[in-house]
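Structural description and commentary
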Amino acid sequence: SPMALKTLLFVVLFLAACLGTFIGPIWPLLGYVAHYCIGPERHWWHNAVAHWEIRYAFVLGALTAAAIFFHAGNLRFGRVPFRAHELLLVLLLGIVWLSVLIGPRTEGFYEHADHPSVKFTKLALFGLMLTHVVTDRKNLDRLIWVLVVCAMVLGMQAWDTAYTSFVRGRLESVGGPDFREANFFAAFMATMLWVIGMQFLRSGWKGKILCFLSGGFTANAVILTGSRTAVVGLATGGMAAVVMAPRRYRAYIALGLVLAGAGFYWLSDDRFLDRSATIVVEPGERDDAAQSRIDFARTGLRMWGARPWGIGAGNYFQTVGSFNHRHVGMDPHNTYIRTLVELGAQGFVVQTLLILSAAWMLYRLRRLGHALPAGAGDDILLLSFGFLCALATMLMCGMFITLTYIEFWVWFLMLPVCLQRMVENEGMGVRSSEFGVRR
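Quick summary incoming for the structure in this document. Keep in mind that this is a model prediction, so the values were computed, not measured. (Residues numbered from 1 in each chain as written. Predicted model: local features only at pLDDT ≥ 70, side-chain atom pairs only at ≥ 80, totals over all residues. Heavy atoms only, no water.)

**A few points about empty space enclosed by the protein**
We apply this condition: A 1.4 Å probe that fits into a set of points on a 1 Å grid over the protein atoms alone but cannot get out defines a cavity; an open set with protein on both sides within 12 Å along at least five of seven lines defines a pocket, and lining residues are those with an atom within 4 Å of a point. Grid points are joined across faces, edges and corners, and a volume is the space filled by probe spheres set on the points. Secondary structure counts use DSSP, requiring at least four H or I residues in a row for a helix and at least two E residues in a row for a strand, with both numbered from the N terminus. Residues are grouped as follows: Ala, Val, Leu, Ile, Met, Phe, Trp, Tyr, Cys and Pro are nonpolar; Asp, Glu, Lys and Arg are charged; every other residue, Gly included, is polar.
Counting across every chain of the model gives one cavity of 30 Å³ or more. Within this model, the largest cavity holds a volume of roughly 40 Å³. What lines the largest cavity is simply Val33, Leu130, Leu143, Leu147, Trp411 and Leu415. Contributions of two or more residues to the lining of the largest cavity are made by α6 (137-160) and α16 (407-425). The residue makeup of the lining of the largest cavity, split by class, is six nonpolar, no polar and no charged.

**With respect to the packing of aromatic side chains**
This is how the line gets drawn: Each Phe, Tyr or Trp ring (for Trp, its six-membered ring) is paired with any other whose centre lies within 6.5 Å, and the angle between the two planes then decides the class: stacked below 30 degrees, edge-to-face above 60, tilted in between. Here's how the labels work: a residue is buried when its accessible area is under 20% of the maximum for its type, exposed when over 50%, partly exposed in between, all with a 1.4 Å probe on protein chains only.
Scanning all chains against the criterion turns up 18 aromatic pairs. Ring centres of Phe126 and Trp411 lie 6.1 Å apart, and the angle between their planes is 45°; on these two criteria the pair is classed as tilted. Pair noted here: Phe126 is in helix α5 (residues 116-133) and Trp411 is in helix α16, with a separation of 285 residues, a long-range link. Assessed through its relative accessible area of 4%, Trp411 is described here as buried. Among the aromatic residues, those joined into a cluster by ring pairs are Tyr32, Tyr36, Phe126, Phe179, Phe185, Phe188, Phe408 and Trp411.

**Some points on unusual backbone geometry**
For Glu53, which is not a glycine, the phi torsion comes out positive at approximately 55°. When you line up the elements, Glu53 lands in the loop between α2 (26-38) and α3 (56-70). Residue Glu53 is classed as exposed on the basis of its relative accessible area, which comes to 70%. A positive phi angle, near 55°, is found at His333, a position not held by glycine. Inspection of the secondary structure assignment puts His333 in the loop between α13 (316-319) and α14 (335-371).

What follows is the structure in structure tokens.
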């Protein structure tokens, strides 16, 4: 039956990822990524094995760490175990825990779910494992293909979801636990569209077919969410694409953007188009959701002014009501405001440095790709270009949803380190001064 086949496929893939620990850490790591995206526990076909009560993410994360320990001699992360970018992530983790120590006790929602300090610890640990395992072209390609396939699977699930299951006409609860709300799912899928497009340009005809299918299902999923956040994020990524497009691929990218825009419009329905049209309106014509984003920002700034060093990770919900009774227990819908309020000025500064560091690494890698002889640097150009556009999209989405403690936020901030290490390991004319690494 379909149920038995899907359940069997899941079990086989999970066991393969676990057994891959004996080969190298990349296999349980890829299993972890796939599990995060798909979220098998939320699917009907998982019911047949639900009685096992296995914490798949914990098992795969632990096996990745164990594989890193046992295969440490084969890892190629360079003579410097931690780069400045990675140390910024560690510093941000330290600030998260400091905020817990100096802030009030967290009450309410996080008494029954992972506290942000616990969750961010997991995110930081996996982010560091990612940058120490995905350090060559083969593993980076494997990671990208897993993400492309996961996006296609999520898009197919979105396409197959009955409209009666939508919430207020919007697709909800597809994928892993971080995607329960439409805007978060849309932000991930919008970010993935640039990775899919990048991989399309890098691939042969078989890969192009897979990317074409993945891109179509992914774009359709974004439309089904009705997310204006994703539209603004994609528009920002599009502007980055126009500015940062490699000269050798500028015509292809321009044509791709036109075709993608036409396809996106063709897939859109009147509901999505009407909702998107409300993004740019006069102040008096904003709907409640758009106006609330502005009110949340103002309230957040007042909260920060009252306690510049932060109220503590996870304490926004229990505190905001003291500053605006209409926002009791509500999220600020802004990554940067949430960080500023909970982690204080120091957390906001470190997070900003982490973002700037990621963008700067990708910009330097793009410049290196241009400096290499024709053909030799093409792949670096495409990878840095795709990650830059994805980063721009994700960062803009963060203006309208809170990604501070969301996993894929950390992934895309750490991927530049993976690409940098890949370039260094291949010795592609990288000088010591280019990346500040002594050889």
